[in-house]
Amino acid sequence: MATPPSQPLLEDSLLDRSRSARTRLLLEAAERLGFAHVGVCPAEPVDRREQLSNWLDEGKHGEMNYLSDRVEAMLDPESVLEGARSIICVADRYASASEDPAPAAPRGRIARYARGRDYHDVLRRRLARLAAAIEDHAPGHRARGVVDTAPLMEREHALRAGLGLIGKNTLMIRPGEGSWMVLGEVLTTLELEPGPEPEWGGRGDPCGSCTRCIDACPTSAIEPFTIDATRCVSYQTIEHRGPIDPEGHRSIGDWLFGCDVCQEVCPHNLPQRRVGSLPVLDPYRPRRDGFDLLEVLDWREEDRRAAFTTSSLKRAKLETFKRNALICAGNVLEAGPHPELRARIRALAEDDSEPALVRDTARAVLGRLPPGE
């Protein structure tokens, strides 16, 4: 159980302790905050400049210009906290893979990380507590808690801190547990002691000859240890805000927001491979696995706000969520008739009050369907 906010995380000065002793106290404090895994690494620059530059030069980041605009910042942790010497890396588990029940009505799925509370908020509050405890008990030192909105190559630092290994699908995989994790960090000017190398080795390959994620990716976006974001269904349904080429509609399947295919097929995520009960924090427990497509196609802005409150889904604008729902609806209709769904798509195609993105997507969906009522 996480330490209540009213209870202090630390009692005594960190500066009176040896580096190893203060590190142990902070790791114990992080564990009391409920993080599933904690590790420490030096706040050193990342040695992936060439790989990152090549990836950006090839345009594989798509419209995520915040990546190309912050290359130097991402490579050096001091861009996040000047004078940083150490990084405390943490991981939270969210709900692991399971079979989704057969829907009673045409539905679109959402990625598992977005089925509970917004992980940014869940992580950020506890990271802020840990950072405040460092500053309170190490006068003259600074600390800052961050999530993946900061310009930090967090998987590289989590790798150095021993939280897991990076798989062919570019996700952090913890041997024996899998990849259903979100990451956070506390950077500090305090000198801490890096932990011992984990039992699976510091920078090994968790995949070996396995290519299941590459073979299963519906858009062939994955190559070993790299991904073309512009082809990824998660990118297309979340980051990309414009029209989606009708040639790629079938590949999106029933994904309304994100995609879990590469994790669902990963052997590390199979239930028989997991060690222990793998507890999940209550905020991450799924509240829903998807949405009724007919309902989404009828939404107004107030419906979107009500549905996405406290969820990371709130990143999705109404028009892009409707765009995704239309594509999912088209895939439903290709599999069999559904007159009400087809009628709703027709209505959206002709509704001048809808944004152009919604109207145009509705027309594109109708254009690839066989005639029908």
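These figures come from a predicted structure and were not determined experimentally.

1. Quick word on the overall build of the chain
Next, step 1: The helix and strand tally for the chain stands at 15 helices and 11 strands.
Next, step 2: Against the 2.2 N^0.38 benchmark of 21 Å for 373 residues, the chain shows a C-alpha radius of gyration of 22 Å, consistent with a compact globule.
Next, step 3: Expressed as a percentage of the 373 residues in the chain, the buried residues total 51%.
Next, step 4: In the chain, 76% of the contacts between residues at least 6 apart in sequence involve partners at least 24 apart.
Next, step 5: Accessible surface for the chain amounts to roughly 17200 Å². Of this, 49% is attributable to carbon and sulfur atoms.
Next, step 6: Across the chain, the 50 positively charged side chains and the 59 negatively charged ones have centroids separated by 2 Å.

2. Regarding the sheet that holds strand S3 (residues 107-110)
Next, step 1: Judged by pairing direction, the sheet is mixed, and its three strands sit side by side in the order S10-S3-S11 without closing on themselves. Of all strands in the sheet, those bounded by a partner on one side alone are strand S10 (255-257) and strand S11 (290-292). Taken over all neighbouring pairs, the strand axes of this sheet differ in orientation by 35 degrees on average, direction set aside.
Next, step 2: Note that S3 and S11 share three bridges and pair antiparallel. Bridged to Arg 109 within S11 is Gly 290.
Next, step 3: Strand contacts of helix H13 (residues 318-335): S10 and S11, with the helix running at about 175 degrees to S10, the strand carrying the most contacts.

3. Some details on the nonpolar core
Next, step 1: Ranked by internal contacts, the top residues of the largest apolar core, which has 31 residues, are Leu 10, Leu 26, Ile 88, Leu 123, Leu 130, Val 186 and Tyr 284.
Next, step 2: Residue assignment for this core shows that the elements contributing at least two residues are helix H1 (19-32), strand S2 (86-93), helix H5 (119-137) and strand S7 (181-188).
Next, step 3: Dropping the residues within four chain positions of it, Leu 10 is found in contact with Leu 25, Leu 26, Ala 29, Ala 133 and His 137.
Next, step 4: The next biggest cluster of nonpolar side chains, apart from the first, holds 29 residues, and it includes Leu 297, Ile 345, Leu 348 and Val 365.

4. With respect to the sheet that holds S2
Next, step 1: The antiparallel open sheet is built from four strands, whose spatial order is S1-S2-S7-S4. Looking at the sheet topology across the chains shown, the edges are occupied by strand S1 (37-42) and strand S4 (143-146). Sheet twist, expressed as the mean angle between neighbouring strand axes with direction ignored, is 20 degrees.
Next, step 2: Two strands pair when backbone bridges link them, and S2 and S7 are joined in this way by eight bridges, in the antiparallel orientation. Bridged to Ile 87 within S7 is Leu 187.
Next, step 3: The sheet contacts of H1 involve S1 and S2, and relative to S1 the element is tilted by about 145 degrees.
Next, step 4: Along the sheet, H5 contacts S2, S4 and S7; its crossing angle with S7, the most-contacted strand, is approximately 25 degrees.

5. Quick word on the packing of H13 against helix H14 (residues 339-349)
Next, step 1: Interaxial distance between H13 and H14 falls to 10 Å at its minimum, and their mutual angle equals 140 degrees. Taken together, the axes of H13 and H14 are oblique relative to one another. With respect to the hand of their crossing, H13 and H14 are arranged in left-handed fashion. In contact with Lys 322, Leu 326, Ala 329, Gly 330, Val 332 and Leu 333 of H13, H14 contributes Leu 341, Arg 342, Ile 345 and Leu 348.
Next, step 2: Here the residues of the contact of H13 with H14 are counted per class, giving seven nonpolar, one polar and two charged.

6. Description of the packing of H13 against helix H15 (residues 356-367)
Next, step 1: Interaxial distance between H13 and H15 falls to 9 Å at its minimum, and their mutual angle equals 10 degrees. Judged on the interaxial angle alone, H15 and H13 are roughly parallel. Counted together, Glu 319, Thr 320, Lys 322, Arg 323, Leu 326, Ile 327 and Gly 330 of H13 and Leu 357, Val 358, Thr 361, Ala 362 and Val 365 of H15 form the full contact between these two elements.
Next, step 2: Residue composition of the contact of H13 with H15, grouped by class: six nonpolar, three polar and three charged.

7. Thoughts on H14
Next, step 1: Residues Leu 341, Arg 342, Arg 344, Ile 345, Leu 348 and Ala 349 constitute the buried set of H14. In an axial view of H14, the angular spread of the buried residues amounts to 160 degrees, which keeps them on one side of the axis. Projecting away from the buried face of H14 at angles above 90 degrees are the exposed residues Pro 339 and Glu 340.
Next, step 2: Lining the buried residues of H14 we find helix H11 (293-297), H13 and H15.

8. Considering the pairing of S7
Next, step 1: A large share of S7 lies buried, amounting to eight of its eight residues.
Next, step 2: Summarising the sheet, S4 and S7 pair through four bridges and their orientation is antiparallel. By the bridge assignment, Arg 144 is partnered in S7 with Leu 187.

9. Structural notes on the pattern of salt bridges
Next, step 1: Applying the stated rule across the entire model yields 28 salt bridges.
Next, step 2: The residue Asp 92 makes a salt bridge to Arg 126 at a minimum N-O spacing of 2.3 Å. You can see Asp 92 sitting in strand S2 and its partner Arg 126 sitting in helix H5, a full 34 residues away along the chain.
Next, step 3: Given a relative accessible area of 1%, Asp 92 falls into the buried group.
Next, step 4: Residue class for Arg 126 comes out buried when judged on its relative accessible area of 10%.
Next, step 5: With a shortest N-O distance of 3.5 Å, Arg 124 and Asp 121 are connected by a salt bridge. You can see Arg 124 and its partner Asp 121 sitting in helix H5, three residues apart, about one turn around the helix.

Definitions and cut-offs
- Residues numbered from 1 in each chain as written.
- Predicted model: local features only at pLDDT ≥ 70, side-chain atom pairs only at ≥ 80, totals over all residues.
- Heavy atoms only, no water.
- Helix = DSSP H or I, 4+ residues; strand = E, 2+ residues; numbered from the N terminus.
- Rg over C-alpha atoms; globule rule 2.2 N^0.38 Å.
- Buried < 20%, exposed > 50% of the residue type's maximum accessible area, 1.4 Å probe, protein only.
- Contact = heavy atoms within 4.5 Å.
- Areas by Shrake-Rupley, 256 points an atom, 1.4 Å probe, with all protein chains shown as cover.
- Lys, Arg positive; Asp, Glu negative; His and termini not counted.
- Charge placed at Lys NZ, Arg CZ, Asp CG, Glu CD.
- Pairing = 2+ DSSP bridges.
- Axes fitted to C-alpha atoms, helices over the stretch in contact; angles between N-to-C directions.
- Core = buried A, V, L, I, M, F, W, Y, C linked by side-chain atoms within 4.5 Å.
- Parallel < 35°, antiparallel > 145°, perpendicular 65-115°, else oblique.
- Left-handed = near helix turned anticlockwise from the far one by under 90°.
- Nonpolar A, V, L, I, M, F, W, Y, C, P; charged D, E, K, R; others polar.
- Arc of directions from axis to C-beta.
- Salt bridge = Lys/Arg side-chain N within 4 Å of Asp/Glu carboxyl O.

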